[in-house]
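Coordinate analysis (summary)
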Amino acid sequence: MVALTLSVIVTLAGTAGILAYAKRRPPDAPHTWGEAMFGAMFVFFLLFMAYGVVPHQWLTWAENELAWRSDKFFIGWGGFLKPQPAGGWNPLTINYLHIEHIIAVLIYGIVLAGNVWLWKVWQSRGKKPAETAPARSAFGRPLVKEGSSL
């Protein structure tokens with residue numbers, strides 16, 4: 001549990017560091033060789049943590065401390081997911097190993113979505129939002145004189 005928690009904290013702290021740096025770095029500023037190498041190393045470390053260490057620590061914690069095994073069947077709260085071989089209605093036999101791996105896939109999906117979102121944040125830093133057009137009357141003329149700061 002401690003290793004999983006620490007790996008998630010390190011990953012989130014690294015992501016917060018990238019967001020803070022993206023806010024302060026101008027998009028047209030050139031990188032030095034050292035900055036580029038440090039950035040590449042940091043991104044590689046963050047991807048290693050997010051795609052490698054966090055899912056591994058989840059699987060290790062679920063298999064060892066939670067004892068989610070293939071012989072431990074998931075019947076749900078009150079037995080509402082009891083499988084047909086055990087006298088229930090559910091045609092699927094779901095064990096805790098399946099749930100453990102589904103959660104690992106969800107971790108990968110969340111990390112992938114976050115990865116794409118971080119690319120978007122980094123690539124669109126420094127861009128100002130488009131200005132909205134002034135309101136127009138029924139005749140198509142602007143209600144505010146164009147060029148005024150109202």
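A brief report on the enclosed structure follows. In this text the structure is predicted, and so the values were computed from the model without any measurement.

Each value, and the rule that gives it
- Residues numbered from 1 in each chain as written.
- Predicted model: local features only at pLDDT ≥ 70, side-chain atom pairs only at ≥ 80, totals over all residues.
- Heavy atoms only, no water.
- Helix = DSSP H or I, 4+ residues; strand = E, 2+ residues; numbered from the N terminus.
- Expected span 1.5 Å × (residues − 1).
- Buried < 20%, exposed > 50% of the residue type's maximum accessible area, 1.4 Å probe, protein only.
- Contact = heavy atoms within 4.5 Å.
- 1 Å grid on protein atoms, 1.4 Å probe; cavity = no way out; pocket = protein on both sides within 12 Å on 5 of 7 lines; lining within 4 Å.
- Points joined across faces, edges and corners; volume = space filled by probe spheres on them.
- Nonpolar A, V, L, I, M, F, W, Y, C, P; charged D, E, K, R; others polar.
- Core = buried A, V, L, I, M, F, W, Y, C linked by side-chain atoms within 4.5 Å.

1. Thoughts on helix α1 (residues 2–24)
Here α1 spans 33 Å end to end across 23 residues, near enough to the 33 Å set by a 1.5 Å rise per residue. Residues of α1 that are buried include every one of L4, S7, T11, G14, T15, I18 and A22, and no others. On its buried face, α1 sits against α2 (33–64) and α3 (96–123).

2. Thoughts on the layout of surface pockets
Sizing a probe to match a water molecule and rolling it over the atoms shows the empty space that remains. Each pocket or cavity is described by its volume, and for the largest pocket that value is around 990 Å³. Listed by contribution, the elements that provide at least two residues to the lining of the largest pocket are α1, α2 and α3. For the lining of the largest pocket, the leading source of residues is α2, giving 13 residues. Tallied by class, residues from the lining of the largest pocket come to 22 nonpolar, eight polar and one charged.

3. What about the nonpolar core?
With 14 residues, the main nonpolar core has L4, W58, W68, F74 and I107 as its most contacted residues. The set of elements that each furnish at least two residues to this core consists of α2 and α3. Those residues in contact with W68, other than ones at most four positions away along the chain, are W58, A62, E63, Y96, L97, I99, E100 and I103.

All we've got here are geometric facts, nothing functional implied.
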